[in-house]
Structures are given as C-alpha cells and as structure tokens.
Amino acid sequence: MTLYGREYCGLCTSMREQLVRLAPDRGFSVRWVDIDDDEALETRHGEWVPVLADPDDAEICHYHLDLAALDDRLAKFR
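Residues numbered from 1 in each chain as written. Predicted model: local features only at pLDDT ≥ 70, side-chain atom pairs only at ≥ 80, totals over all residues. Heavy atoms only, no water.

Of regular secondary structure, the chain possesses 3 helices and 4 strands. From first element to last, N terminus to C terminus, the chain shows the α and β order β-α-β-α-β-β-α. Computed over the C-alpha atoms, the radius of gyration of the chain is 12 Å, within 12% of the 12 Å expected from 2.2 N^0.38 for a compact globule of 78 residues. C-alpha atoms of the chain, sized along the principal axes, occupy 35 × 20 × 15 Å. Expressed as a percentage of the 78 residues in the chain, the buried residues total 41%. (Helix = DSSP H or I, 4+ residues; strand = E, 2+ residues; numbered from the N terminus. Rg over C-alpha atoms; globule rule 2.2 N^0.38 Å. Buried < 20%, exposed > 50% of the residue type's maximum accessible area, 1.4 Å probe, protein only.)

A separate point is the nonpolar core. Counting residues in each nonpolar core, the largest one holds 14 residues, and the members touching the most others are Leu19, Phe28, Leu52, Leu65 and Leu70. Of all the secondary structure elements, the ones that give two or more residues to this core are helix H1 (10-26), strand S4 (59-62) and helix H3 (67-76). The element that contributes the greatest number of residues to this core is H1, accounting for 4 residues. The contacts of Phe28, once residues within four sequence positions are left out, are Met1, Leu19, Leu22, Ala23, Leu70 and Leu74. (Core = buried A, V, L, I, M, F, W, Y, C linked by side-chain atoms within 4.5 Å. Contact = heavy atoms within 4.5 Å.)

Here the focus is the packing of H1 against H3. Between H1 and H3, whose axes approach to 13 Å, the crossing angle comes to 35°. At the point where H1 passes H3, the crossing takes the right-handed sense. Two secondary-structure elements touch here, H1 through Leu19, Leu22 and Arg26 and H3 through Leu67, Leu70, Asp71 and Leu74. (Axes fitted to C-alpha atoms, helices over the stretch in contact; angles between N-to-C directions. Left-handed = near helix turned anticlockwise from the far one by under 90°.)

According to the stated counting rule, one finds 1 aromatic pair in the structure shown. Each ring, one from Trp48 and one from Tyr63, has its centre 5.6 Å from the other, and the planes form 15°; the classification is stacked. Taken together, the positions of Trp48 in the loop between helix H2 (39-45) and strand S3 (51-53) and Tyr63 in the loop between S4 and H3 put the pair 15 residues apart, joining distant regions of the chain. Given the relative accessible area of 48%, Trp48 is considered partly exposed. Owing to a relative accessible area of 31%, Tyr63 belongs among the partly exposed residues under this scheme. The lysine or arginine in question, Arg16, covers the ring of Trp32, its NZ or CZ lying 4.2 Å from the ring centre. (Phe/Tyr/Trp six-rings, centres within 6.5 Å; stacked < 30°, edge-to-face > 60°. Lys NZ or Arg CZ within 6 Å of the ring centre and 35° of its normal.)

Another point: the pairing of S4. As defined by bridge partners, S3 adjoins S4 across 3 bridges and the pair is classed as antiparallel. Residue Leu52 lies in a different strand from S4, and its bridge partner there is Cys61. (Pairing = 2+ DSSP bridges.)

In the structure shown here, the tally under the stated rule is 7 salt bridges. A salt bridge links Glu7 to Arg16, with the shortest nitrogen-to-oxygen separation between them at 3.6 Å. Look at the salt bridges and you will find they share partners, linking Arg6, Asp36 and Glu42 into a network. (Salt bridge = Lys/Arg side-chain N within 4 Å of Asp/Glu carboxyl O.)

Here it is in structure tokens:
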C-alpha cells in the first residue's frame with residue numbers, strides 16, 4: 001500500500017501510525033510518499049491528503065483510515 005501525504009500533516013501522521021500498527025497482522029507493507037517532493041503528486045492530491053492507495057495506485061481512502069475499505073482491498077490482492 002502507498003500512503004501519500006505531507007510530513008507536517010497531522011492527519012497524515014495519524015494514518016501512517018495506524019497503518020504501521022496494522023500492517024503486520026494484516027500482511028501488507030506501507031510505502032510513505034511525501035507529495036511535496038513531487039510536483040505531479042502535489043497537483044494530483046493537493047489538499048486531499050492523506051491518501052491511501054492500493055498496489056495498482058487506486059485510492060482506498062483519504063483523510064481518515066477506512067478499515068472496511070482497506071480490508072476489502074487487501075482481500076482482492078490475496
């Protein structure tokens with residue numbers, strides 16, 4: 001899973017911490033991408049961060065972690 005966000009974003013930090021805690025039990029890894037390091041990503045996501053995306057880069061959720069949506073997407077990749 002890829003988490004797009006900003007270092008200074010409280011919502012991003014919160015979702016990142018939640019995902020790190022959940023990852024071992026649910027069998028996925030999280031890749032952090034700071035959108036401020038990439039103009040195209042900043043344009044794409046803007047203020048809609050954090051954005052959690054699946055391995056196909058399709059959005060799972062944004063702003064707050066949606067566990068049901070995450071579990072549903074994880075099931076599709078197993």
